[in-house]
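# Analysis of the macromolecular model
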Amino acid sequence: MDTHARKSLGRSLPRIEDAPLLTGRGRFIDDLPVGPATAHAAILRSPHPHAAIEEIDVREALAIPGVLAVITGADLVPVTGTLVASVRVPAEARVMATDRVRYVGEPVAVAIAADRYIAEDALDAVRVRYRLLDPVVDPEAALAPGAPVLHEAVGGNLLNERHFSYGDPDAAFAAAARRITVVARYPRNTGAPMETYGVIATYDAHGDSYDVQANFQGPFSIHAVLARALNVPGNRLRLRMPPDSGGSFGVKQGVAPYVVLMAACARLTGRQVKWIEDRMEHLAASVSATNRVTRLDAAVDAEGRILALDWDQLEDCGAYLRAPEPATLYRMHGNMTGAYDIRNVRIRNRVVATNKTPTGLVRGFGGPQVYYPLERLMQRIAVELGLDPVEVTRRNLIPAGAFPYRTATGALYDSGDYRGAFDRALDAGGYASLLERRAAARAAGRLYGIGLAVVVEPSVSNMGYVTTVLTPEERRRAGPKNGAQASATVALDPLGGVSVHVASVPQGQGHRTVLAQVVADEFGLDPADIMVVTDLDTARDAWSIASGNYSSRFAPAVAGTAALAARRLRARLAAVAAGQLNVQVGEVRFAAGRIFAAGNPGNGVSFGRIAAAGHWAPGTIDPELGQTLRETAFWTPPELAAPNDADEVNSSLCHGFIFDFCGVEIERATGRVRIDRYVTMHDCGTILHPAMVDGQIRGGFAQGLGAALLEELAYGDDGAFISGTFADYMLPYATEVPPIEILHEETPSPFTPLGAKGVGEGNCMSTPVCIANAVADALGVAELHLPLTPSRLRALLGEAEPPPANRPAGPVAGEEPRAGARLLRGSGDTSVGAPPATIWAILLDPDELAALIPGAHGVRRVGADGFAAEVTLGVGPVRGRYSASIRLSGLDEPREATLSGTIEGALGGGAGSGRVRLLPEGAGGTRIDYEYEVRIGGRVAAAGDRLLAGASRVVIGAFFEALARRAGGAPTRPGFWKRLLRMLGVGR
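Small disclaimer: the values here were computed from a predicted structure and weren't measured.

Each value, and the rule that gives it
Residues numbered from 1 in each chain as written. Predicted model: local features only at pLDDT ≥ 70, side-chain atom pairs only at ≥ 80, totals over all residues. Heavy atoms only, no water. Helix = DSSP H or I, 4+ residues; strand = E, 2+ residues; numbered from the N terminus. Rg over C-alpha atoms; globule rule 2.2 N^0.38 Å. Buried < 20%, exposed > 50% of the residue type's maximum accessible area, 1.4 Å probe, protein only. Pairing = 2+ DSSP bridges. Axes fitted to C-alpha atoms, helices over the stretch in contact; angles between N-to-C directions. Salt bridge = Lys/Arg side-chain N within 4 Å of Asp/Glu carboxyl O. UniProt positions renumbered as here; feature names shortened; annotations may be inferred. Contact = heavy atoms within 4.5 Å. Core = buried A, V, L, I, M, F, W, Y, C linked by side-chain atoms within 4.5 Å. Domains from an automatic or database assignment. Buried area = accessible area lost by both parts, 1.4 Å probe. Polar contact = N/O pair within 3.5 Å; in protein donor to acceptor, adjacent residues only side chain to side chain. Expected span 1.5 Å × (residues − 1). Parallel < 35°, antiparallel > 145°, perpendicular 65-115°, else oblique. Left-handed = near helix turned anticlockwise from the far one by under 90°. Nonpolar A, V, L, I, M, F, W, Y, C, P; charged D, E, K, R; others polar.

### Structural notes on the overall build of the protein
- Counting its secondary structure elements, the protein contains 25 helices and 36 strands.
- Taken over C-alpha atoms, the radius of gyration comes to 31 Å for the protein, in line with the 30 Å a tight globule of 988 residues would show.
- When its C-alpha atoms are laid out on the principal axes, the protein stretches across 110 × 75 × 65 Å.
- Within the protein, buried positions represent 59% of all 988 residues.

### Focus on the sheet that holds strand β6 (residues 127-132)
- Strand order in the open sheet formed by 3 strands is β4-β2-β6, and the pairing between neighbours is antiparallel. What marks the edges here is a single partner per strand, and that holds for β4 (100-101) and β6.
- Across 6 bridges, the pairing between strand β2 (residues 51-57) and β6 is antiparallel. Pairing of Glu 55 across the sheet is with Arg 129, part of β6.

### Focus: the sheet that holds strand β24 (residues 594-597)
- Here 3 strands make up an open sheet; going across it, the order is β23-β24-β25 and the pairing antiparallel. Looking along the sheet, the strands with just one partner apiece sit at the ends: β23 (588-591) and β25 (600-606). Within the sheet, the average angular offset between the axes of one strand and its neighbour, ignoring direction, is 35°.
- Relative to β24, β23 runs antiparallel, the two being bridged by 4 bridges.

### A look at the pattern of salt bridges
- In the structure shown here, the tally under the stated rule is 65 salt bridges.
- When the shortest N-O distance is used, the salt bridge between Asp 170 and Arg 346 registers 2.5 Å. Taken together, the residues span a long stretch of sequence, with Asp 170 in helix α6 (residues 169-175) and Arg 346 in strand β15 (residues 345-352) at a distance of 176 residues.
- With relative accessibility at 54%, the residue Asp 170 sits in the exposed group.
- Residue classification places Arg 346 among the partly exposed residues on the basis of a relative accessible area of 23%.

### Points about the pairing of strand β13 (residues 291-300)
- Extensive coverage of β13 is indicated by the burial of 9 of its 10 residues.
- Looking at chain direction, strand β8 (residues 178-186) and β13 are connected through 9 bridges and run antiparallel. Opposite Ile 180, over in β13, you have Ala 298 as the bridge partner.
- As paired strands, β13 and strand β14 (residues 306-316) are joined by 10 bridges and run antiparallel to one another. What sits directly across from Ala 298, in β14, is Leu 309.
- With antiparallel pairing between neighbouring strands as the criterion, β13 and β14 make up a hairpin whose turn holds 5 residues, including Gly 304 at a positive phi of roughly 90°.

### Things to note about the UniProt feature "domain: Aldehyde oxidase/xanthine dehydrogenase a/b hammerhead" (unreviewed entry) in the protein
- Mapped onto this structure's residue numbering, the UniProt feature "domain: Aldehyde oxidase/xanthine dehydrogenase a/b hammerhead" (unreviewed entry) falls at residues 23-134.
- Measuring from the first to the last C-alpha atom of residues 23-134 gives 51 Å, for a span that is 16% helix and 31% strand.

### Focus: the environment of Pro 643
- Along the polypeptide, Pro 643 turns up in the loop between β26 (630-635) and β27 (652-666).
- For Pro 643 and Glu 893, which are 250 residues apart along the polypeptide, the C-alpha to C-alpha distance reads 78 Å.
- Not counting residues up to four positions away in its chain, the partners in contact with Pro 643 are Gly 464, Thr 467, Thr 468, Arg 475, Lys 481, Glu 648 and Val 649.

### Some details on the nonpolar core
- In this structure, Val 199, Val 212, Leu 261, Met 262 and Phe 659 are the most contacted members of the largest nonpolar core, which totals 139 residues.
- Top element by residues in this core is helix α8 (residues 256-269). It accounts for 10 residues.
- Val 532, Val 558, Ala 577 and Cys 654 belong to the second-largest nonpolar core, a separate cluster that totals 57 residues.

### A few points about unusual backbone geometry
- Between Ala 323 and Pro 324 the backbone carries a cis peptide bond, its omega angle lying at 10°.
- Counting through the fold element by element, Pro 324 comes out in the loop between β14 and α10 (327-330).
- The amide bond that connects Leu 786 to the next residue, Pro 787, takes the cis arrangement and shows omega of -10°.
- On the secondary structure map, Pro 787 appears in the loop between α20 (762-779) and α21 (790-796).
- Unlike most non-glycine residues, Asn 231 shows phi in positive territory, near 60°.

### Re the domain arrangement of the protein
- When cut into domains, the protein gives domain 1 (27-363), domain 2 (397-482 + 652-713 + 721-802), domain 3 (485-600 + 608-635) and domain 4 (822-984).
- Using C-alpha coordinates to define each centre, domain 1 is positioned 38 Å away from domain 3.
- Contact with domain 1, which involves 20 residues of that partner, is made by 19 residues of domain 3.
- Roughly 1,400 Å² is buried in total at the junction of domain 1 and domain 3, and carbon and sulfur atoms are behind 55% of that figure.
- For the domain 1 face of the interface with domain 3, the top three residues by lost area are Gln 217, Phe 220 and Pro 243, together amounting to 35%.
- Taken together, the links from domain 1 to domain 3 amount to 2 salt bridges.
- With a closest N to O distance of 3.4 Å, Arg 512 and Asp 244 form a salt bridge.
- Where domain 1 packs against domain 3, one counts 9 residue pairs in polar contact (both at pLDDT 80 or more).
- Residue assignment for the side of domain 1 that touches domain 3 shows that the elements contributing at least two residues are α7 (221-229) and β11 (237-241).

### Focus on α20
- Under the 1.5 Å per step criterion, the end-to-end length of α20 is 26 Å for 18 residues, consistent within 8% with the ideal 26 Å.
- Among the 18 residues of α20, 17 are classified as buried, and the element is accordingly described as predominantly covered.
- Following α20 by one or two positions, Gly 780 adopts a phi angle in the positive range, close to 70°.

### Observations regarding the packing of helix α11 (residues 367-385) against α20
- One way to put it is that α11 packs onto α20 with a least axis distance of 8 Å and a crossing angle of 30°. Judged by the inter-axis angle, α11 sits roughly parallel to α20. α11 and α20 meet at a crossing whose hand is right-handed. Of α20, the residues touching α11 (which contributes Gly 367, Pro 368, Tyr 371, Tyr 372, Glu 375, Arg 376 and Gln 379) are Cys 764, Met 765, Pro 768, Val 769, Ala 772, Asn 773, Ala 776 and Asp 777.
- Taken together, the residues of the contact of α11 with α20 sort by class into 9 nonpolar, 3 polar and 3 charged.

### Quick look at the side chain of His 50
- Looking at the element boundaries, His 50 is found in the loop between β1 (39-45) and β2.
- Note on His 50: relative accessible area 2%, which makes it buried.
- Only 3.2 Å separates the side chain of His 50 from the side chain of Arg 100, close enough to count as a polar contact.
- For His 50, the contacting residues outside a window of four places in its chain are Arg 100, Val 101, Arg 102, Leu 132, Leu 133, Asp 134, Pro 135, Val 149, Leu 150 and Asn 355.

The structure is reproduced here in structure tokens:
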């Protein structure tokens, strides 16, 4: 550690970033200027989870004025290759489907047009003929005999399997007093940043090179994957990141395939191409965290000490294995024993393909999937042995004198005092009072539980950890991969100004503020004097494959490297100043914007004068000293070696310590979980900016809370994606995130320049299982699966959810179920002031129907009992044009009829049937009863239950109100919208 005096670090200075961001002056990908000839892209995506592409007809789309091209997967084959994965497996991953689609949302075609509106219209005109195939979405089912196979060349859905053994787990299990088991099924979720993906791509035909701007976050090892997919050397792919990014939480690594897709489109069209992802695309088809099935067995002695762990992990990486996957499975490989002193470990890792979106980085990145079963196991040990969970945890924690501590699987924990921090947090956080609250609540008959979670938070990933997926022999053939190189440049301008440039684009973390503090302290300046540049250009700036903003590497690696660069430059400036001040170099000091002699502060000059000397008077500087204009530092820690032949790997450099405990109450009537109290203790090494650290902890807690109680990227058994809007992918509101108590410990890391460790991901790992342990304690149950929604908890309480009030008593006859479809049922009635015969005549007249059906572009009769129509319909943010075919049967004029048919469009389709009854009512009126059952697939199905049900009621209500007006009467009760407004208390 450097002993130079610091005056900024460790203080919560106001963030430099806030003013431009809060006043709308941030520069995000969609704000970047483009030329007038720039074309805009829209992507046609598969509505099916698994289907063969038999034909794509783009002729009608190309005829639309303003459409420049419609590009298909076949068009890309001559100019792009596959996306290379970390595992050699014959499962080609291309950026757009060619002959088969394997998940809902997979790109099928790209429309390039003069503007985005025209491009979206063009998608409606593209006709794709699919042959539906059986999907598989459950990872265990994907391995069953006879399961649908996604990639025939693989021969099955198992993409990789490895077995590991450390210590002597067999002997430990044989000697154990008990074997305790947990099974966990961790669900998919995502980061859901405010800003979605964006790409602006240009191709230079003369230089056969690409210039791409994208809100990509790294790691820049992916740059090599992108260059190979574009069939160019790395120096012919210039990748530029904008100065600001509207959040990421890991997922903007997933913009990588779209970099290739839009770059190829730019090449094929000869135009700059811009694409901005919409929200539904992002939820359905960007990236998600892996879902994982884990069986974890522990060999335990009678006092609850763990002698060995046996992990069986089944990782669902979706339809394709894209780099850096299966990194989610291996990022935590060195940390499989958590914060516990366990020397015997056995691991079985399997990676499986299913008909779901390919996975990638999401905040926590493998940590939640590991700590959920591990910390659930700790609670089960306490319950099954009748022990205090606090004592079970304490007995297993790594002792303070063991650091640096080498885990059984190879991680080197840098520093900590786990037991001391644990006990201090229990005391400072009021654990004893929480026990009293639980006792009082239970005495009153309420459901109250306490949960604990202990987590080691890794940061600064070893770039070689993912090669643990390979055997030692495969690694020897491929060559060693390791390290975590960071780079930073500190430069001086002719007026003595200081600028800092790093290869890490911020996503809201506060890079500019902290870097200004770091460099200002080294030079004795005010942070306001430092200019920080955080946009990144691979053709201009210093970077490596480890560059980027991920794995909580900013504080320990990036900021630390900036400090190293500043120190080296300061040392040279001190030598220059020593000559001018006529003192020894060791006597030179930097403070308050001056450089002066330690024993005589009056003997000094301004910092700017010495700093500018390299520009104005380079001849006065000793040639042996070297230039004083700038310093670029590259830093990689020696502790991050490649995996050895025993498959031991130090998968991360730094290891923070987190201890959470909470009390929750569950409402019996609703199944709702209320967080009564939540305490989280963090040791993230040296704290550089306390307010930002607390902000990271609160943000991680909010995402962990969502994962625990609300969030799941859900699929139907038939592969339909059913969480495509925020109506069904439920994020916590600010009002649903309770206040938390944050405690701190500081044990500086000996491995980083500033002693800092990462802090950005910990509560995403600790909070879900802490809450789950509290719920398990409240309910007295052994097995819990996230998210802990009210309906799931009501089921555990023995109170199932009531069926929807408008659901028909039985199914309505209709078409056969479609693969990838979801069921929507409804019924209702309305009264019209016209007789049944008038209504009947209108319902059989195509011209009348065209005027009644919302969004209809025309209706024509097909045969004696059928109609065909073109309609435009919207469900929430999903709006598209569809072709409908309707057949009438069971006619009983003028009383009732059955309607059945199909509807198809670029955004999906459906099939179903309905029954309509016309009943005489009052003085010449008619009551119309109807019930329907529709199966909907594709992107429109992703809108979710709430929007689909609501949209169907709106459309049907609008139809019958139009029918009443057409019949010459009026609805004899208020229309849909008037009734809705009345329910809301408006317009009474």
